[in-house]
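# Fold and geometry: a report
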Amino acid sequence: MSALGNKSADEEAPSGLMASVMDLVNQHGGLPGLLQKFQESGLGDQVASWIGTGANAPVSGEQIKDALGSDTITQIAEKAGVAPDAASGGLAALLPQLIDKLTPDGQVPEGNDLVSQGLNMLKGKIFG
């Protein structure tokens, strides 16, 4: 797929995927819980790069699906109104950027309120 093809697919339902990211954060007890889930799924190096101040390591839609489970991806896809592959691919594109922006000093913020506020702010900046 071309980069242009990926971009248009990612833009189809960004607000639905953003809402799903906020749900994921809440379901896992905050950003630290969600990041731990990814780390336990073998994505520790990627997660460390997203939190750190250097370049963000890419992650594939398949890796996101493996980490979250296909049931979760199906639920996210239904909520966002996209196919499961589009949901996992969209999350693979969004999560590194979002986590990077939510951890600007290389530290994971504590508390769901702070994360929710940050996600809402980023939603406006990225998709506004």
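Residues numbered from 1 in each chain as written. Predicted model: local features only at pLDDT ≥ 70, side-chain atom pairs only at ≥ 80, totals over all residues. Heavy atoms only, no water.

### A look at helix 4 (residues 61-68)
Those residues of helix 4 not exposed but buried are Gly61, Ile64, Ala67 and Leu68. One side of helix 4 carries all its buried residues, which in axial view fall inside an arc of 125°. Downstream of helix 4 by a residue or two, Gly69 has a phi angle that is positive, lying close to 95°. (Buried < 20%, exposed > 50% of the residue type's maximum accessible area, 1.4 Å probe, protein only. Helix = DSSP H or I, 4+ residues; strand = E, 2+ residues; numbered from the N terminus. Arc of directions from axis to C-beta.)

### Things to note about the environment of Gly52
Looking at where Gly52 falls in the secondary structure, it is placed in the loop between helix 3 (31-51) and helix 4. As a C-alpha pair, Gly52 and Asp105 span 53 residues in sequence and 7.5 Å in three-dimensional space.

### Examining helix 6 (residues 84-102)
Along an α-helix, residues three or four positions apart point the same way, because every turn accommodates 3.6 residues. In this model helix 6 runs 25 Å from its N-terminal to its C-terminal C-alpha over 19 residues, within 8% of the 27 Å that 1.5 Å per residue would give. Among the residues of helix 6, those classed as buried are Ala87, Ser88, Gly90, Leu91, Ala92, Leu94, Leu95, Pro96, Leu98, Ile99, Asp100 and Leu102. (Expected span 1.5 Å × (residues − 1).)

### Here's the deal with the packing of aromatic side chains
What characterises a pair of aromatic rings is the spacing of the ring centres plus the angle enclosed by the ring planes. Under the counting rule described, the total for this entry stands at one aromatic pair. Their ring planes at 80° and their centres at 6.2 Å tell us that Phe38 and Trp50 sit as a pair that is edge-to-face. Trp50 sits in the buried class, given a relative accessible area of 0%. (Phe/Tyr/Trp six-rings, centres within 6.5 Å; stacked < 30°, edge-to-face > 60°.)

### Remarks on the packing of helix 3 against helix 4
For any two helices packed against each other, the geometry is given by the interaxial angle and the distance between the axes. It is the contact of helix 3 with helix 4, at a shortest axis distance of 9 Å, that shows an interaxial angle of 135°. Here helix 3 lies oblique to helix 4, going by the angle between them. Considering only the axes of helix 3 and helix 4, their crossing is right-handed. Between helix 3, through Leu34, Lys37, Phe38, Ser41, Leu43 and Gln46, and helix 4, the contact on the second element is made entirely by Gln63, Ile64, Ala67 and Leu68. The residue inventory of the contact of helix 3 with helix 4, partitioned by class, reads six nonpolar, three polar and one charged. (Axes fitted to C-alpha atoms, helices over the stretch in contact; angles between N-to-C directions. Parallel < 35°, antiparallel > 145°, perpendicular 65-115°, else oblique. Left-handed = near helix turned anticlockwise from the far one by under 90°. Contact = heavy atoms within 4.5 Å. Nonpolar A, V, L, I, M, F, W, Y, C, P; charged D, E, K, R; others polar.)

### What to know about the packing of helix 3 against helix 6
It is the contact of helix 3 with helix 6, at a shortest axis distance of 12 Å, that shows an interaxial angle of 95°. Here helix 3 is positioned roughly perpendicular relative to helix 6, judged by the angle of their axes. On the side of helix 3, the interface is formed by Leu31, Leu35, Phe38, Trp50 and Ile51, while helix 6 contributes Leu95, Pro96, Ile99, Asp100 and Leu102. Taken together, the residues that form the contact of helix 3 with helix 6 break down as nine nonpolar, no polar and one charged.

### Some points on the environment of Ser20
Along the chain, Ser20 falls in helix 2 (residues 14-27). For Ser20 and Ile76, which are 56 residues apart along the polypeptide, the C-alpha to C-alpha distance reads 6.0 Å.

### Description of the nonpolar core
Phe38, Ile64, Leu68 and Leu91 are the most contacted members of the largest nonpolar core, which totals 30 residues. Secondary structure elements with two or more residues in this core: helix 2, helix 3, helix 4, helix 5 (70-80) and helix 6. If we skip the residues at most four places from it in the chain, Phe38 touches Leu43, Gly44, Val47, Trp50, Ile64, Ala67, Leu68 and Leu95. (Core = buried A, V, L, I, M, F, W, Y, C linked by side-chain atoms within 4.5 Å.)

### Details of the environment of Leu43
Note on placement: Leu43 falls in helix 3. Residue Leu43 is classed as buried on the basis of its relative accessible area of 3%. Along the primary structure Leu43 and Gln63 are separated by 20 residues, whereas in three dimensions their C-alpha atoms are 8.0 Å apart.

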